Amino acid sequence: MEYICSLCPRNCNALRTDEKGNGFCRMGILPKIARAAPHFWEEPCISGTKGSGTIFFSGCVLSCVFCQNNKISSGGYGKTVRVDELIGYIKGLEEQGVHNINLVSPTPYIESITEAFGKYRPAVPIVYNTGGYEKAETIKRLDGIVDIYLPDMKYISPELSGKYSGAGNYFEYALPAIKEMVRQTGRPEFDENGIMLKGIIVRHLILPQNTKNSVQVLDVLKREFGDDILVSLMGQYVPMGRAAEFGEINRRITAREYNKVLVHMEELGLDGYVQELGSAKKTYIPDFDISVL
């Protein structure tokens, strides 16, 4: 199989075959997987006590200079699988008792993913975990498939998104995409144990020397979505990837930076989760090892 791809805001119009692609993500049509295992470091309502059944896909539509998953996002590490094999991983995770099936950076493989869930629908919620740089029309294709969305809202400023993620039009696409996600899921819903069944959690990672951006992001989330979403404020930033090339972000965030953004979130009355500064450790980065797949 082959087709010309314009799934993401890059609009590459790239030729993609089953295993090769010449677009921004450099991926083929078939899923390339770097890890499939229960994951316990998501938000409490996602990981719960049994873990989130997380499938990490290789390739990414962003190019964040600080990416902690650089090995798979730009390094292309992973194993290409057929749709029936992907279904096998989903079933295997479900048999382990996970709370949900969590697809991380899945957009390049939306053709295979929608085919997989057309053949097999797990009994647990499906989570779509993305950096937020999405086309609303692509997200519309997931209506009725995805139960929970976990998008980032990384930036407001085109200058910052261009500098750190190679996407000057990030906010231009992220906001409409998140609006479409909210339209599909509605307000968050939980089971009797506090495990999320439906809804959206918008994540924001605080970057060093960029608290103004974080405050602006929170303001937009409050204005546009109010109580229709949960917000996950993350203090886990650890300089990785190419962060050393950018002196201002080549360090962890300070307690002062963290507290400034946290106080603003509280003043806005945004509901959600706050990640403690102590989580800024490389030990929380998943081990990508295709030998166990």
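This write-up is about the structure you can find in this document. This is a predicted model, so every value here is computed, not measured.

**What about empty space enclosed by the protein?**
Inspection of every chain in the model, using the stated rule, returns two cavities of 30 Å³ or more. The volume enclosed by the largest cavity comes to roughly 120 Å³. Forming the walls of the largest cavity are 15 residues, and the residues nearest its centre are Cys5, Cys8, Cys12, Arg16 and Cys25. Across the lining of the largest cavity, the residue classes break down as nine nonpolar, four polar and two charged. Put simply, the second largest cavity is a space of about 30 Å³. Taken together, Asp18, Glu19, Met27, Gly28, Leu30, Lys32, Thr80 and Tyr109 form the lining of the second largest cavity.

**Observations concerning the pattern of salt bridges**
Any two side chains of opposite charge can pair, given that their charged atoms come close. Summed over all chains, the structure comprises 16 salt bridges. Its salt-bridge partner being Glu115, residue Lys119 comes within 3.4 Å of it at the nearest N-O pair. Placement of the pair is Lys119 and Glu115 together in helix H4 (residues 110-119), with a separation of four residues, close to one helical turn. Of the residues examined, Glu115 reaches a relative accessible area of 38% and is grouped as partly exposed. One network of salt bridges, with partners in common, ties together Glu42, Glu43 and Arg203.

**A closer look at the packing of aromatic side chains**
By the definition in use, this model includes seven aromatic pairs. With a centroid separation of 6.2 Å and an interplanar angle of 85°, the aromatic rings of Tyr133 and Tyr173 are classed as edge-to-face. Here the residue Tyr133 occupies a position in the loop between strand S7 (126-130) and helix H5 (136-140), and Tyr173 occupies one in helix H7 (residues 170-185), the gap between them amounting to 40 residues. Grouped by ring-pair contacts, the aromatic residues Tyr133, Tyr155, Tyr170 and Tyr173 constitute a single cluster. If you follow Lys71 out to its NZ or CZ, it ends over the ring of Tyr77, 4.2 Å from the centre. Just above the ring of Tyr120 sits the side chain of Lys91; from NZ or CZ to the centre is 4.9 Å.

**A word on the packing of H7 against helix H8 (residues 211-225)**
Between H7 and H8, the least distance of the axes is 12 Å, while the angle of their chain directions is 40°. On the basis of the axis angle, H7 is oblique to H8. Classified by chirality, the crossing of H8 by H7 is right-handed. Along its contact with H7, which presents Phe171, Leu175, Ile178, Lys179 and Val182, the element H8 presents Val220, Glu224 and Phe225. Among the residues forming the contact of H7 with H8, the class breakdown is six nonpolar, no polar and two charged.

**Points about H7**
The terminal C-alpha atoms of H7, which comprises 16 residues, lie 22 Å apart, in line with the 22 Å expected from a rise of 1.5 Å per residue. Looking at the buried residues of H7, the elements they touch are S7, H5, strand S8 (148-151), helix H6 (158-165), strand S10 (196-205) and H8. Of the residues flanking the end of H7, it is Gly186, one or two places downstream, whose phi is positive at about 75°.

Basis of the calculations
- Residues numbered from 1 in each chain as written.
- Predicted model: local features only at pLDDT ≥ 70, side-chain atom pairs only at ≥ 80, totals over all residues.
- Heavy atoms only, no water.
- 1 Å grid on protein atoms, 1.4 Å probe; cavity = no way out; pocket = protein on both sides within 12 Å on 5 of 7 lines; lining within 4 Å.
- Points joined across faces, edges and corners; volume = space filled by probe spheres on them.
- Nonpolar A, V, L, I, M, F, W, Y, C, P; charged D, E, K, R; others polar.
- Salt bridge = Lys/Arg side-chain N within 4 Å of Asp/Glu carboxyl O.
- Helix = DSSP H or I, 4+ residues; strand = E, 2+ residues; numbered from the N terminus.
- Buried < 20%, exposed > 50% of the residue type's maximum accessible area, 1.4 Å probe, protein only.
- Phe/Tyr/Trp six-rings, centres within 6.5 Å; stacked < 30°, edge-to-face > 60°.
- Lys NZ or Arg CZ within 6 Å of the ring centre and 35° of its normal.
- Axes fitted to C-alpha atoms, helices over the stretch in contact; angles between N-to-C directions.
- Parallel < 35°, antiparallel > 145°, perpendicular 65-115°, else oblique.
- Left-handed = near helix turned anticlockwise from the far one by under 90°.
- Contact = heavy atoms within 4.5 Å.
- Expected span 1.5 Å × (residues − 1).

Bear in mind that shape data such as this cannot, by itself, settle questions of function.
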